[in-house]
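# Remarks on the overall topology
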Amino acid sequence: PLAMRLSAEDQKLIHHAVALCFGRQAKVFLFGSRTDDAQRGGDIDLYVETALQGMTLQQARLDLMTQLQLQLGDQKIDVVTSDGQTESVPAIVVEARRTGVLL
């Protein structure tokens with residue numbers, strides 16, 4: 001298994017919440033400090049790739065953050081999204097795609 005500081009239970013909760021908010025076709029990746037076993041603490045950085053766009057995408061992102069706060073407790077959670085279509089991709093999305101671990 002790849003290095004990851006996220007319990008199997010937390011991974012399952014995240015996966016379920018992403019499917020609920022974005023649909024089953026969405027892919028979710030963990031990136032940032034939580035992918036490095038040598039580090040401690042750190043927020044949960046998630047990257048969600050989805051076909052949703054515009055306001056639907058923004059609402060799904062807010063819904064996901066709400067779900068995760070309720071289920072994982074008071075932790076710093078960052079959710080980055082991409083519809084995979086947009087021409088100009090923000091640097092954070094490039095980094096998430098490059099270093100992220102598929103959940």
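Below: a short report on this structure.

Rules used in this analysis
Residues numbered from 1 in each chain as written. Predicted model: local features only at pLDDT ≥ 70, side-chain atom pairs only at ≥ 80, totals over all residues. Heavy atoms only, no water. Helix = DSSP H or I, 4+ residues; strand = E, 2+ residues; numbered from the N terminus. Contact = heavy atoms within 4.5 Å. Pairing = 2+ DSSP bridges. Axes fitted to C-alpha atoms, helices over the stretch in contact; angles between N-to-C directions. Salt bridge = Lys/Arg side-chain N within 4 Å of Asp/Glu carboxyl O. Buried < 20%, exposed > 50% of the residue type's maximum accessible area, 1.4 Å probe, protein only.

### A closer look at the environment of Val-89
Of note, Val-89 is situated in the loop between strand E3 (77–82) and helix H3 (91–99). Dropping the residues within four chain positions of it, Val-89 is found in contact with Val-94 and Arg-97.

### Comments concerning the sheet that holds strand E1 (residues 27–31)
For sheets, the rule is that strands pair by backbone hydrogen bonds, running either parallel or antiparallel. An order of E3-E2-E1-E4 is seen for the four strands of this open sheet, with the pairing classed as mixed. Bordering the open sheet on either side are E3 and strand E4 (101–102), each of which pairs with just one other strand. Both E1 and E4 contribute to a ladder of two bridges, which runs antiparallel. Within E4, the position partnered with Phe-29 by the bridge is Leu-102. Relative to strand E2 (residues 44–49), helix H1 (residues 8–22) is tilted by about 40°, and along the sheet it contacts E1, E2 and E3.

### Thoughts on the pattern of salt bridges
Tallied over the entire structure, the rule returns three salt bridges. Arg-97 serves as the salt-bridge partner of Glu-49, at 3.2 Å between the closest nitrogen and oxygen. Of this pair, Glu-49 sits in strand E2 while Arg-97 sits in helix H3, and the two are 48 residues apart along the sequence. Among the residues examined, Glu-49 registers a relative accessible area of 24% and is labelled partly exposed. Residue Asp-78 pairs with Lys-76 through a salt bridge whose shortest N-O separation is 2.9 Å.

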